[in-house]
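Observations on the model geometry
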Amino acid sequence: MAEAALRAGKETQPNPQVSFGAWGLRAMALTYLLVLIAAPILIIAFEGLRHGWDIFWNSVSQPVAASAIWLSVWTAALMAVINTVMGTLTAYVLVHYRFPGKRLLDTVIDLPFAIPTLVTGVMLVLLYGPQTIIGGFFQQTFGLRILFAPPGIVLALMFISYPFVIRAVQPVLAKLDLNQEEAAHTLGASGWTTFRRIVLPAILSAMITGGMLSFARALGEFGSLAIVAGNIPLRTQVATVYIYGQVEGGNLPAASAVSLVMLLIALVTTLAADWLMRRRTHA
Amino acid sequence: MKRSTRLSLILFSLLLLVTSTSISAQDAPSSITLTLAAYTTPREAYVEIIPLFQAYWQEQTGQEVTFQESYLGSGAQSRAVAGGFEADIVALSLERDVTRLVEAGLITHDWQNNEYNGMVSTSLVTLLVRPGNPRNIQDWADLAQEGIEVLTPDPATSGGAQWNIIAAYGAAYRGHVEGYEAGEEGAFQFLVDLLNNVSVLDPSARDSVITYSTGIGDVLITYENEYYAGIAAGDEYDIVYPSSTILIENPVAVVDSYADAHGVREAAEAFVQFLYTPEAQAIFASKGYRPPVIQAVEVDGADATEEPEAVSLWPEGALEEELFPIVEDIFTIVDFGGWDEVGATFFSETGIFAQAIAEAQE
């Protein structure tokens, strides 16, 4: 899905011909956007600030809320860095090499978008829980707890936002002029130099765009984290689970205030990603 | 394009047809539909009680009654009904979730006006341990020991989890936790030490049981009936009764507005009454629920002299050792001021629970 959206965004050209039908189409699309996306965002902003700046600030700066926001942000950021590197590598392998099962692998990559994230949480518990072979090994050998601790959060986020970077980088890599790479090779550049000087500059903004989208997506993750994070306030409770708790407890002002902060962080990130994408298309 | 519009038109008209026929089927006077909105855990009991009631109602009135059942977390269910899910009867896990419907103007009668204060079943907060009790957990105090891993759901998201916190705090407050002085200070300290050992706060009581069954944690704080549900599902664990614990009381009520709008008040009230019959209570008991407690308060409308005779709903033999052991000290939510007060003092943003969690992290 994201792949299609990314491609479509790059390749369609606006039709210069303006007709009545085109205006109708435009009005329809804009209304749809307004009703579906803008209205809910505005209502959250309104709810979050309705009770005044003081209540907003109190709700957000309260230790449990602040630590939940911070935990969400740093785990998502760490995940974005890891997935940007590993996703680029995967995309590179998929574009440049042939191996059996490549087609299948290319399809499997999108699965994390299709799997309900609650299921993701259950899978991770079965795989990395303290009583499993892998989880037990880490706990005994390194005293490191994977699940119900920040590593589990990062792991879940890596899974759910895995496709973003790959699907952003893959088409750019595929379109990249192979001649340049070959020329660099014949001129004696090593594989690494070729990658660093020729390939990387071309795909850098796609990498960052993918990374930022995955970061924004991860900020909003709930289903898998409700299961694997542990949800201890101040320790392993992320912002979305905190918000859920506030909604359940009937404390809508606090829920909206924290939601608004998360929304702003996501908004800034997507705007930055958008800006990079534009720069890339103009370059 | 055109073909797909035509297809969707056909589908739409088909849908209309289906819904309209199902509505007209409900209009038949010989049959009615009752909608029951319940919390998740007593599902197994209701599945068995409903056919009994259907037979009873058919015999009494000749009317066929079909049930629409919905099972959700108590808080979520209550909010759904308040938000327009038109249930005729609600069976929830705590009083406050019914109070919400009273405040929303949906329940207008005095739903607690019976010998059992509107409660239909009870249970106790208990401790589940691994088979054979390898960590030798005997009472609350053992949960605060170093190295013990405790699971309990999050009171922020699970109303039911609030029972657990009050049970632990209350036991210490009443001087039943060794090593902690009775009173507020000792109880708070016990809560801090206990929370320090909690490794996962799952969103709901059932989630907590599931996490525990995957092998995480030494002790799970949960209800007596959850133990029986787990055993019935084939899970293996032992139950430990603490020396002091809270009595969980689960309310049931007819939702006046919706029952009247659907014209099913009579059947809805009869169903609630039916839950207090020995047959229904025997089914509750077989699922691990204790019967409701008879209230000393006199029932409205009756003279003090001719107070209706309250029937003990304990099924025969149930009180004997095996099924429902007697616990030394049982208290209720009223001992801590009722749910409204507990909500404010314990579970507000700056309440006792939030303070204890913060201190446990230091």
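Residues numbered from 1 in each chain as written. Chains lettered and ligands numbered in written order. Predicted model: local features only at pLDDT ≥ 70, side-chain atom pairs only at ≥ 80, totals over all residues. Heavy atoms only, no water.

Residue-level contacts link 21 residues of chain B with 23 residues of chain A. Roughly 1,800 Å² of surface becomes buried between chain B and chain A when both sides are summed, with 52% attributable to carbon and sulfur atoms. Three residues, Thr157(B), Glu349(B) and Gln361(B), lead the burial of chain B against chain A; their summed loss comes to 28% of the area buried on that side. For the pair chain B and chain A, the interface holds one salt bridge. Across the pair Arg145(A) and Glu149(B) runs a salt bridge whose closest N-O atoms are separated by 3.2 Å. The set of elements that each furnish at least two residues to the side of chain B that touches chain A consists of helix H6 (184–196), strand E6 (198–200) and helix H13 (352–360) of chain B. (Contact = heavy atoms within 4.5 Å. Buried area = accessible area lost by both parts, 1.4 Å probe. Salt bridge = Lys/Arg side-chain N within 4 Å of Asp/Glu carboxyl O. Helix = DSSP H or I, 4+ residues; strand = E, 2+ residues; numbered from the N terminus.)

Before going further, it helps to spend a moment on the pattern of salt bridges. The final tally for this structure, using the stated rule, is 15 salt bridges over all chains. Ionic pairing is found between Arg167(A) and Asp106(A), a salt bridge with its closest N-O pair at 2.9 Å. You can see Arg167(A) sitting in helix H10 (residues 162–175) and its partner Asp106(A) sitting in helix H5 (residues 102–108), a full 61 residues away along the chain. Glu269(B) is the partner of Arg265(B) in a salt bridge, and the nearest nitrogen-oxygen pair spans 2.8 Å. Separated by four residues within a single helix, Arg265(B) and Glu269(B) lie in helix H10 (residues 265–274), roughly one turn from each other. Under the relative-accessibility criterion, Arg265(B) is labelled partly exposed at 24%. Glu269(B) gets classed as partly exposed once you look at its relative accessible area, which sits at 36%. Look at the salt bridges and you will find they share partners, linking Asp256(B), Asp260(B), Arg265(B) and Glu269(B) into a network. (Buried < 20%, exposed > 50% of the residue type's maximum accessible area, 1.4 Å probe, protein only.)

If a strand is regular, its side chains alternate between the two faces of the sheet. Residue and element names in this part refer to chain B. Taking burial as the measure, the 11 residues of strand E9 (residues 244–254) include 11 buried ones, the bulk of the element. Pairing between strand E3 (residues 89–91) and E9: three bridges, direction antiparallel. Bridging across to E9, Ile89 finds its partner in Val254. In this sheet, E9 lies alongside strand E4 (residues 119–129) in antiparallel orientation, the contact comprising five bridges. Its bridge partner being in E9, Leu124 is matched across the sheet by Leu247. Here E9 pairs with strand E10 (residues 329–331) via three bridges, running parallel. Bridge pairing in E10 links Thr245 to Ile330. (Pairing = 2+ DSSP bridges.)

All right, on to the domain arrangement of chain A then. Residue and element names in this part refer to chain A. For chain A, the assigned domains are domain 1 (15–50) and domain 2 (53–282). Using C-alpha coordinates to define each centre, domain 1 is positioned 28 Å away from domain 2. Counting from both sides, the interface comprises six residues of domain 1 and, opposite them, seven residues of domain 2. Looking at the side of domain 1 facing domain 2, the largest losses of area belong to Ile44, Gly48 and Leu49, adding up to 64% of the total buried there. At the surface where domain 1 touches domain 2, the tally comes to zero salt bridges. The interface formed by domain 1 and domain 2 includes zero residue pairs in polar contact (both at pLDDT 80 or more). Residue composition of the side of domain 1 that touches domain 2, grouped by class: four nonpolar, one polar and one charged. (Domains from an automatic or database assignment. Polar contact = N/O pair within 3.5 Å; in protein donor to acceptor, adjacent residues only side chain to side chain. Nonpolar A, V, L, I, M, F, W, Y, C, P; charged D, E, K, R; others polar.)

All names here are of chain A. It is the contact of H10 with helix H12 (residues 191–219), at a shortest axis distance of 7 Å, that shows an interaxial angle of 155°. In terms of axis orientation, H10 runs roughly antiparallel to H12. The element H10 and its partner H12 pack so that their crossing is right-handed. Seen from H10, the contacting residues are Phe164, Val165, Ala168, Val169, Val172 and Leu173; seen from H12, they are Val199, Ala202, Ile203, Ala206, Met207, Gly210, Gly211, Leu213, Ser214 and Arg217. Tallied by class, the residues present in the contact of H10 with H12 amount to 12 nonpolar, three polar and one charged. (Axes fitted to C-alpha atoms, helices over the stretch in contact; angles between N-to-C directions. Parallel < 35°, antiparallel > 145°, perpendicular 65-115°, else oblique. Left-handed = near helix turned anticlockwise from the far one by under 90°.)

The next point concerns the nonpolar core. One finds Ile69(A), Leu157(A), Leu225(A) and Val258(A) to be the most contacted residues of the largest nonpolar core, which totals 54 residues. Excluding its chain neighbours within four sequence positions, the residues that come into contact with Leu225(A) are Ile153(A), Ala156(A), Leu157(A), Asn231(A), Val238(A) and Val241(A). Membership of the second largest hydrophobic core comes to 49 residues, among which are Phe190(B), Val240(B), Ile357(B) and Ala360(B). (Core = buried A, V, L, I, M, F, W, Y, C linked by side-chain atoms within 4.5 Å.)

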